[in-house]
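Residue-level listing of the chains:
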Amino acid sequence: MNYKEIAKETIGHLYKAHSSIRKSGIDEKLIALAELRVSQINGCAYCCSYHAKELLHFGVEQDIINRLPGWKHTQVFDIEQKLVLNWTEAITYNNDNWLQIREKLLQYFTEREITELTSSITLMSTLNKLRITLSEQD
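Residues numbered from 1 in each chain as written. Predicted model: local features only at pLDDT ≥ 70, side-chain atom pairs only at ≥ 80, totals over all residues. Heavy atoms only, no water.

### Description of the environment of Leu130
Here comes step 1: With respect to the secondary-structure elements, Leu130 resides in helix H8 (residues 111-134).
Here comes step 2: For the pair formed by Leu130 and Ala52, sequence separation is 78 residues and the distance between their alpha carbons is 19 Å.
Here comes step 3: Those residues in contact with Leu130 that lie beyond four places of it in its chain are Tyr3, Ile11, Leu14 and Ser135. (Helix = DSSP H or I, 4+ residues; strand = E, 2+ residues; numbered from the N terminus. Contact = heavy atoms within 4.5 Å.)

### A few points about the side chain of Ser125
Here comes step 1: With respect to the element layout, Ser125 can be found in helix H8.
Here comes step 2: Not counting residues up to four positions away in its chain, the partners in contact with Ser125 are Val38 and Asn42.

### Some thoughts on the packing of aromatic side chains
Here comes step 1: Enumeration according to the criterion identifies one aromatic pair in this entry.
Here comes step 2: Both rings, one in Tyr46 and one in Tyr50, keep their centres 6.4 Å apart while their planes meet at 20°; by these two values the pair is stacked. Of this pair, Tyr46 and Tyr50 both sit in helix H4 (residues 45-57), separated by four residues, roughly a single helical turn.
Here comes step 3: Overall, Tyr46 belongs to the partly exposed group, its relative accessible area being 36%. (Phe/Tyr/Trp six-rings, centres within 6.5 Å; stacked < 30°, edge-to-face > 60°. Buried < 20%, exposed > 50% of the residue type's maximum accessible area, 1.4 Å probe, protein only.)

### As for the UniProt feature "domain: Carboxymuconolactone decarboxylase-like" (unreviewed entry) in the protein
Here comes step 1: The sites that UniProt annotates as "domain: Carboxymuconolactone decarboxylase-like" (unreviewed entry) are residues 21-89.
Here comes step 2: Secondary structure across residues 21-89 comprises 67% helix and 0% strand; the distance between its end C-alpha atoms is 19 Å. (UniProt positions renumbered as here; feature names shortened; annotations may be inferred.)

### A short note on the pattern of salt bridges
Here comes step 1: Under the criterion given, the structure shown has eight salt bridges.
Here comes step 2: Glu28 is the partner of Arg22 in a salt bridge, and the nearest nitrogen-oxygen pair spans 3.7 Å.
Here comes step 3: Given the relative accessible area of 12%, Arg22 is considered buried.
Here comes step 4: Residue classification places Glu28 among the partly exposed residues on the basis of a relative accessible area of 32%.
Here comes step 5: Between Arg67 and Asp63 there is a salt bridge; the shortest N-O distance is 2.9 Å.
Here comes step 6: In this structure Arg67 comes out as partly exposed when scored by relative accessible area, which is 35%.
Here comes step 7: Given the relative accessible area of 38%, Asp63 is considered partly exposed. (Salt bridge = Lys/Arg side-chain N within 4 Å of Asp/Glu carboxyl O.)

Structure follows, in structure tokens:
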């Protein structure tokens, strides 16, 4: 079904929020990395492809993108990327350790950056689920 057209105003607001996050000043590579990881966890094939291409466009090497599912077992991600990925998984999986991760994030990111990042992660999960459940197969 064409959910973007059926609920044009509502879905439009979601995409406006996404655009706002991207203009917030937080590094777009970090946002795209989080969005790709959320999409992998949720199994949204379209969004995985989209954000992987986006990361390539931002200059992230294909080898690094390929290692994302096993990010905990590689040294190719820096400390900020690892914190973002840890936060992404804590929120997406609804883990109990989010408070400890948030405290670590505060050492590297402002409260506004954490808020924008968290908004991005939760919004991407919503967009993934809309795409998976309401769109035609890719």
